[in-house]
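Coordinates in review
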Amino acid sequence: MAFDLDMIKKLYAAIPGRIAKARKAVNKPLTLSEKILYSHLHADQKLENFGRGKSYVDFTPDRVAMQDATAQMALLQFMSAGRAKVAVPSTVHCDHLIVAKMNAKDDLQVANTESKEVFDFLSSVSTKYGLGFWKPGAGIIHQVVLENYAFPGGMMIGTDSHTVNAGGLGMVAIGVGGADAVDVMSGMAWELKFPKLIGIKLTGKLNGWASAKDVILKVAGILTVKGGTGAIVEYFGDGAISLSCTGKGTICNMGAEIGATTSTFGYDNSMERYLIATGRAEIAKMANKIKEHLTADPEVYKNPANYFDQVIEINLSELEPHLNGPFTPDLATPISKMKEAAEKNGWPLTVEVGLIGSCTNSSYEDISRAASLAKQVANKGLKTKSMFTITPGSEQVRYTIERDGFIETFNKIGAKVFANACGPCIGMWSRVGAERKEKNTIVHSFNRNFQSRNDGNPNTYAFVGSPELVTAIAIAGKLDFNPITDTLINEQGQQVKLDPPTGDELPKKGFDVKDPGYLAPAKDGSKVNIIVDPGSDRLQLLEPFKAWEGKDLSRLRLLIKAKGKCTTDHISMAGKWLKYRGHLDNISNNLLIGATNFYNEKINSVRNGLTGQYDEVPKVQRAYKAAGIGSIVVGDENYGEGSSREHAAMEPRHLGVRAILVKSFARIHETNLKKQGMLALTFADKADYDKIREDDIFDITGLMTFAPEKQLTIVIHHSDGKIEKIQVNHTYNKNQIDWFKAGSALNAMGKSRPKAATTKAPAKSAKKAKPAAKKTVKKAAKKSPAKKVAKKAVKKAAKKKPVKKGKKR
């Protein structure tokens, strides 16, 4: 479907003039990334030659997209913005709250029952404030965006780190926290540090078993999980042009795994084909008229070293299929080296489950190539050795592949087809036996493979590959199976070899769908009432965080010194916890429960400085909060890597953590901490990490003169009476310091916003409440688990106080 044509027409009319002015200001040819960035400067932003990695710049994105897990908190914040309607086109996509267990039909029915309160809330808020709403089962946000909303030369933000997927259609699409989305939906400028630029030249052409997924798996091995931090990755060259549009989307999608701000490709024929195939021929025609502005200036790609901060070259003709993992997406192993690597590291060779799909690889092309291998199982007398699952990316893809016989092909080899949702990729997988925590191996075509992420089992060794390679390995049942060279023994005892996968870039008969799952907002949403029950355990209106007290922080306790990788999955787990994403107090009971304590090397076990006893992280922090004591969290490199979830910043803020002190941050998480009024600090000397002791007490000084590029000091009081001082760095600019002083970005900006309308209080009984059909949220019967987990000494502080009428943040 084609949406927002008037907005796109207006932008395309303005792009040539804006780029001409930018080229004059920069005084050199422009990359595609620069063209899009300079074309989206906020009206109040002065045009100049911005310093890459230095200048903070205000932008005006074209649109906002939110998935259901992050949309809850974002929209709860937006409700206090005082607007009658969103300022830019915005959408909500229900894809995170569906547990994969039985099959698509049954799992969707369970989700619609268990999460009805949340879905009704999101639907009613969308209707009231003018957001498009995609129902549960409509598809995964990023595939739906690519099919309906992405367009060349556009700029969008989304409350999910894989928003970058839209780069496959030539956008600058960036993952953000909910507070950033609120700014844009409220019509305010969106701030970003002007990115550095990494150019990746692709030559040659994919062949045989190699796929677009292998490009980004190779890149991840080169750049690592933090090599792209603060940079846009721009792909170019004949190899880039040879890739399909959805293949480009796959590459951009996993750019999140190298920490990149986003990734993108210049407009080409594959994008035109995809736009036409998805019912957007008019956008393709408009793009063709300004196509020279939708790619870099010719000089840039001729001499890339002169225009990019880093250049990498990959020959697609020589690219080998890769498997990345386990436990990190940047441990890249060519399939020819997997046998050696597995034996050396003791990785379990028997593959229990192969899973394809997710937002990274769920296009028609992906599924068709995997289906070509599934057909060979029967044709060659084979039997699939591993359990095999498929997660289609959208209802449009699912309906089309069913029409074309692919689902029947998968059924014949015993595969399970799950709902059009995130499912196992984000831990929403009810995997039988995972609770036993046995050592095992799975392979999937998803994007992340952090410890415990997919099934909650820390002993599951997860490897990331292309859908084709995952399918082949599932057929063989062995991690070290190399389909390029190895043979299999079929049911008749014969040696057979799998043929390379084949498939269509786009369906020959065109896409088809009966009900895409879209609900348009009301033309006038003023009469729609949003009701949030104070007794609900799923939704909770927000109260403003307290402003800075106007003095240095003193006598802070250490909550945890995290050892090694500490992603947002470690800080705020997904899986079963997703149900509480709209309830800050309840979701805070998963704070850092996945992090490893440096001192005892245990997960979710830290010392309570008040009692000297070890307990779960959230319980210890609630004890500190009840006693009026602040705390700090100490972490390692690339802290907060992974998802864009702002809960990983809001939870510590809510429970009284004052500062996060680490060796380095992932971009989105650092921004989220700043937005919520936290201190995001880094060691000036990384060796000072080793000075932190378990029973230390800390003062943070220099806050009275807190200023950009000015270090703060942390005074460490050791239990033996020794006192040490260390210097810490920060990246706060003047506006961000104001956020800290006000208690949050929303507090700081609330002063200039219109007064928020009061949200109506719920009826006293369920009988008097309006039915869900009239856009109300029903009362939840369950008791808040927040009250169950707190220790007796902390119960009073842990109990949820009734939210006063109309009081929200």
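Structural data are supplied above this passage.
In what follows, the accompanying structure is described. Here the structure is a predicted model, which means the values were calculated and not measured.

1. Digging into the pairing of strand S15 (residues 387–391)
Extensive coverage of S15 is indicated by the burial of four of its five residues. Alignment of strand S14 (residues 351–357) against S15, held across five bridges, turns out to be parallel. Of the residues in S15, the one forming a bridge with isoleucine 356 is isoleucine 390. The pairing of S15 with strand S16 (residues 416–417) spans two bridges and is parallel. Across the sheet, the residue bridging to isoleucine 390 is valine 417, located in S16.

2. Some words on the packing of helix H11 (residues 269–277) against helix H12 (residues 281–289)
Describing two packed helices takes the angle between their axes plus the distance from one axis to the other. The N-to-C vectors of H11 and H12 enclose an angle of 150°; their axes lie 7 Å apart at closest approach. One way to sum up the angle between H11 and H12 is to call them roughly antiparallel. Residues Glu272, Leu275 and Ile276 of H11 lie in contact with H12, whose contacting residues are Ala281, Ile283, Ala284 and Asn288. Across the contact of H11 with H12, the residue classes break down as five nonpolar, one polar and one charged.

3. Points about the environment of threonine 460
Mapping threonine 460 onto the fold places it in strand S18 (residues 460–464). Note on threonine 460: relative accessible area 5%, which makes it buried. When the C-alpha positions of threonine 460 and glycine 677 are compared, they lie 36 Å apart, and in sequence the two are 217 residues distant. Leave out the neighbours within four places in its chain, and threonine 460 touches Phe327, Arg431, Asn440, Ile442 and Asp455.

4. Details of the environment of tyrosine 267
For tyrosine 267, the location among the structural elements is in the loop between strand S10 (262–265) and H11. Judged by relative accessible area, which is 9%, tyrosine 267 ranks as buried. Sequence spacing of tyrosine 267 and phenylalanine 151 is 116 residues, and the spatial spacing of their C-alpha atoms is 9.5 Å. Once residues within four sequence positions are removed from consideration, tyrosine 267 is found in contact with Pro152, Glu272, Leu275, Ala284, Ala287, Asn288, Lys291, Leu294 and Thr295. Within polar-contact distance, the side chain of tyrosine 267 engages the side chain of asparagine 288 at 2.8 Å.

5. With respect to the packing of helix H10 (residues 245–253) against H11
At a minimum axis separation of 8 Å, H10 and H11 run at an interaxial angle of 105°. What the angle tells us is that H10 and H11 run roughly perpendicular. Residues Cys245, Thr246 and Lys248 of H10 lie in contact with H11, whose contacting residues are Ser270, Met271 and Tyr274. Looking at the contact of H10 with H11 residue by residue, the class counts come to three nonpolar, two polar and one charged.

6. A word on the sheet that holds strand S8 (residues 196–203)
Read from one edge to the other, the open sheet built from four strands follows the order S10-S9-S8-S11, with strand pairing classed as parallel. Each having just a single partner strand, S10 and strand S11 (310–315) make up the two edges of the open sheet. Looking at each pair of strands side by side, their axes are set apart by 20° on average, direction ignored. The sheet contact formed by S8 and strand S9 (residues 231–236) spans six bridges and is parallel.

7. A look at helix H22 (residues 647–655)
Where burial is concerned, most of H22 is hidden: nine out of the nine residues are buried. Here H22 has its buried residues at His647, Ala648, Ala649, Met650, Glu651, Pro652, Arg653, His654 and Leu655. Those residues of H22 that are buried are in contact with helix H3 (68–78), helix H19 (568–571), helix H20 (584–587), helix H21 (617–626), strand S26 (657–662) and helix H23 (667–675). Backbone geometry just downstream of H22 places glycine 656 in the positive-phi region, at approximately 100°.

8. A look at the pairing of strand S28 (residues 697–701)
By the criterion of burial, S28 is predominantly enclosed, with four of the five residues buried. Of the strand pairs in this sheet, strand S22 (residues 553–561) and S28 are connected by three bridges, and their pairing is antiparallel. Paired with leucine 553 across the bridge in S28 is isoleucine 700. Of the pairings in the sheet, the one linking S28 to strand S29 (residues 712–717) comprises five bridges and is antiparallel in character. Bridging across to S29, isoleucine 700 finds its partner in isoleucine 714.

9. As for the pattern of salt bridges
Considering all chains together, one arrives at 37 salt bridges under this definition. For lysine 508, the salt bridge identified is with aspartate 504, shortest N-O distance 2.7 Å. For lysine 508, a relative accessible area of 71% corresponds to the exposed category. For aspartate 504, a relative accessible area of 26% corresponds to the partly exposed category. Residues joined by salt bridges that share partners form a network here, namely Arg23, Lys35 and Asp297.

10. Some thoughts on the nonpolar core
With 177 residues, the main nonpolar core has Tyr12, Leu75, Leu202, Tyr235 and Phe410 as its most contacted residues. With residues up to four places along the chain from it excluded, the contact list for tyrosine 235 reads Ile200, Leu202, Val215, Ile216, Val219, Ala240, Ile251, Ser263, Thr264, Phe265, Gly266 and Tyr301. Counting residues in each nonpolar core, the second largest holds 49 residues, with Ile571, Leu591, Phe665 and Ile692 among its members.

11. Quick word on the packing of aromatic side chains
According to the stated counting rule, one finds 26 aromatic pairs in the structure shown. With 5.8 Å between their ring centres and 0° between their planes, phenylalanine 236 and phenylalanine 308 make a pair best called stacked. Within this pair, whereas phenylalanine 236 is found in strand S9, its partner phenylalanine 308 is found in the loop between helix H13 (298–302) and S11, the two being separated by 72 residues in sequence. Take phenylalanine 236 and phenylalanine 308: they sit in the same class, and that class is buried. The aromatic ring of tyrosine 689 is capped on one face by lysine 561, whose charged end is 4.4 Å from the ring centroid. For lysine 674, the ring lying beneath its charged end belongs to tyrosine 732, and the centroid distance is 5.1 Å.

Conventions used here
Residues numbered from 1 in each chain as written. Predicted model: local features only at pLDDT ≥ 70, side-chain atom pairs only at ≥ 80, totals over all residues. Heavy atoms only, no water. Buried < 20%, exposed > 50% of the residue type's maximum accessible area, 1.4 Å probe, protein only. Helix = DSSP H or I, 4+ residues; strand = E, 2+ residues; numbered from the N terminus. Pairing = 2+ DSSP bridges. Axes fitted to C-alpha atoms, helices over the stretch in contact; angles between N-to-C directions. Parallel < 35°, antiparallel > 145°, perpendicular 65-115°, else oblique. Contact = heavy atoms within 4.5 Å. Nonpolar A, V, L, I, M, F, W, Y, C, P; charged D, E, K, R; others polar. Polar contact = N/O pair within 3.5 Å; in protein donor to acceptor, adjacent residues only side chain to side chain. Salt bridge = Lys/Arg side-chain N within 4 Å of Asp/Glu carboxyl O. Core = buried A, V, L, I, M, F, W, Y, C linked by side-chain atoms within 4.5 Å. Phe/Tyr/Trp six-rings, centres within 6.5 Å; stacked < 30°, edge-to-face > 60°. Lys NZ or Arg CZ within 6 Å of the ring centre and 35° of its normal.

Fair warning: the whole summary comes from geometry, so function is off the table for now.
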